[in-house]
Amino acid sequence: MENRVKVSGNLILFVLLFCGTVTSAQEIPIASPPAKIPKVHHIEPLYIDLVRDLGARKGEKEINLAGDFKNTADYSEYAVLAEYEFAPIDRLGLEIETDFAFFKKISNAQDIPKNRFDNLRLSAQYSFYVSTKYNTTLAVGYTQVIGFTAFEDLDDKPLIKGLEYCPFFIAAKRWGANFHTLIFAGPIFKHRFNTDYTNVDWQINTSVDYAIPNSSHFVGIEFNKEIVDGKFEMIMRPQGKIQINKALAIGLVAGFPITKSKEKFSSFFRVIYEL
């Protein structure tokens, strides 16, 4: 009888301790994931793309591969580029881009550009104003461009032929659910190492896009405007983006010069992969 009482008492004590432990475990608060900072969705132009999404969130990453095909009266240009962009902290985007250019003569012209590792671009962009109320984002950024000598001239010329310094400003607004506008503008300070002066050109790029409802596809038009040596140049680029899946998208762009230019019709494609 005493043994039975002892066993019963021990069993009751064990049950009480177990229930107390479970209750205490249930009372421990579970840490909730940190809230994401506000961000307004804007459509990014395909030709002159941004360093990173406006209002970028920490941890975002993306790889781009692209090809650019241009025709002039004297030669055809085939350019390829690769980009890696990421956001190390909220609202700050960083990017590294490499450009290669190859040329083919299509006339009797004696002097055409030479094949080269065209540029190395290092960029930063910070969204300093994000308004979900007004669907507007403002950002500033800077691109350092390092220009390289043509492959066949590397034996007797320096590897780096010059630098470009490119600060820029971006303003973007979404109108309702589907229409998007964006302005990307700034000076380009060009310094060739074999000269003792710096040229200043300007770029003013604007775009209008329409997001197709119930999808991540869009169609739009981009106007790339430059003031080069005091001369105004503009190319109109209708474009569209097809979202293949959550991570992969393809962008297609056509180029039509509006002002007189040596460049004729051009085409461009971009493969976008979100990591």
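Scoring rules and cut-offs
Residues numbered from 1 in each chain as written. Predicted model: local features only at pLDDT ≥ 70, side-chain atom pairs only at ≥ 80, totals over all residues. Heavy atoms only, no water. Pairing = 2+ DSSP bridges. Helix = DSSP H or I, 4+ residues; strand = E, 2+ residues; numbered from the N terminus. Buried < 20%, exposed > 50% of the residue type's maximum accessible area, 1.4 Å probe, protein only. Lys, Arg positive; Asp, Glu negative; His and termini not counted. Salt bridge = Lys/Arg side-chain N within 4 Å of Asp/Glu carboxyl O. Contact = heavy atoms within 4.5 Å. Axes fitted to C-alpha atoms, helices over the stretch in contact; angles between N-to-C directions. Phe/Tyr/Trp six-rings, centres within 6.5 Å; stacked < 30°, edge-to-face > 60°. pLDDT = per-residue confidence, 0-100. Core = buried A, V, L, I, M, F, W, Y, C linked by side-chain atoms within 4.5 Å.

Peer 1: Please explain the pairing of strand β6 (residues 160–175) as it appears in this structure.
Peer 2: Consecutive residues of a regular strand have side chains that alternate between opposite faces of the sheet. Here 13 bridges tie strand β5 (residues 136–148) to β6, and the two strands are oriented antiparallel to one another. Across the sheet, the residue bridging to Leu 138 is Ala 171, located in β6. By the bridge criterion, 11 bridges tie β6 to strand β7 (residues 179–192) in an arrangement that is antiparallel. Among the inter-strand pairings, Ile 170 is bridged to a residue of β7, identified as Phe 184. A loop of three residues connects β6 with β7, the two strands running antiparallel in sequence, and Gly 176 in this loop sits at a positive phi of about 70°.

Peer 1: Can you walk me through the side chain of Glu 95 in this structure?
Peer 2: Its place among the elements puts Glu 95 in strand β3 (residues 92–105). The buried charged residue Glu 95 lacks any salt bridge partner; its closest oppositely charged side chain belongs to Arg 270, at an N-O distance of 6.1 Å. Ignoring sequence-local partners within four residues, the contact set of Glu 95 consists of Asp 49, Leu 50, Val 51, Glu 83, Tyr 84, Glu 85, Arg 121, Leu 122 and Ser 123.

Peer 1: Would you explain the sheet that holds strand β10 (residues 231–243) in this entry?
Peer 2: Either a parallel or an antiparallel arrangement is found when strands of a sheet pair, and the pairing is made through backbone hydrogen bonds. Strand order in the closed barrel formed by 12 strands is β1-β2-β3-β4-β5-β6-β7-β8-β9-β10-β11-β12, and the pairing between neighbours is antiparallel. Across the sheet, the axes of successive neighbouring strands diverge by a mean angle of 20°, strand direction being ignored. Examined bridge by bridge, strand β1 (residues 61–72) and strand β2 (residues 75–89) share 11 bridges and lie antiparallel to one another. Following the sheet pairing, Lys 70 is matched in β2 by Glu 77.

Peer 1: When you look at the environment of Glu 164 in this model, what are you seeing that I'm missing?
Peer 2: Secondary-structure assignment places Glu 164 in strand β6. For the pair Glu 164 and Phe 189, spaced 25 residues apart in sequence, the C-alpha separation works out to 5.4 Å. Those residues within four positions of Glu 164 in sequence are excluded, and the remaining contacts are Thr 143, Gln 144, Val 145, Ile 188, Phe 189 and Lys 190.

Peer 1: It is not clear to me how the packing of aromatic side chains should be interpreted in this structure. Could you clarify?
Peer 2: For any pair of aromatic rings, geometry is given as the distance between the ring centres together with the angle between the planes. Evaluated as defined, the whole model comprises 10 aromatic pairs. Taking the centre distance of 4.7 Å and the plane angle of 20° together, the rings of Phe 168 and Phe 184 count as stacked. Residue Phe 168 is located in strand β6, and its partner Phe 184 is located in strand β7; the two are separated by 16 residues in the primary sequence. By relative accessible area, which is 6% here, Phe 168 ends up buried.

Peer 1: Honestly, the confidence of the model for the chain in this entry has me stumped. Any pointers?
Peer 2: A low pLDDT means the predicted coordinates there should not be read in detail. Chain-level pLDDT for the chain is 90 on average; 88% of the residues reach the 70-or-more range. Scored below 50 in pLDDT, residues 15–19 makes zero contacts in the model with residues more than four places away or belonging to other chains. Long-range and interchain partners of residues 21–27, a stretch whose pLDDT sits below 50, account for zero contacts in this model, where long-range means more than four residues apart.

Peer 1: Just checking my understanding: could you explain the nonpolar core for this structure?
Peer 2: Taken as a class, soluble globular proteins show a tendency for nonpolar side chains to be buried jointly. With 11 residues, the main nonpolar core is built from Ile 43, Leu 46, Tyr 47, Ala 66, Leu 81, Ala 211, Phe 218, Ala 249, Val 253, Phe 268 and Ile 272. Where this core is concerned, the elements lending two or more residues are β11 (248–257) and β12 (263–274). In contact with Leu 81, not counting residues within four places along its chain, are Asn 64, Leu 65, Ala 66, Glu 97, Thr 98, Asp 99, Phe 268 and Arg 270. Leu 50, Ala 172, Leu 182 and Phe 184 belong to the second-largest nonpolar core, a separate cluster that totals nine residues.

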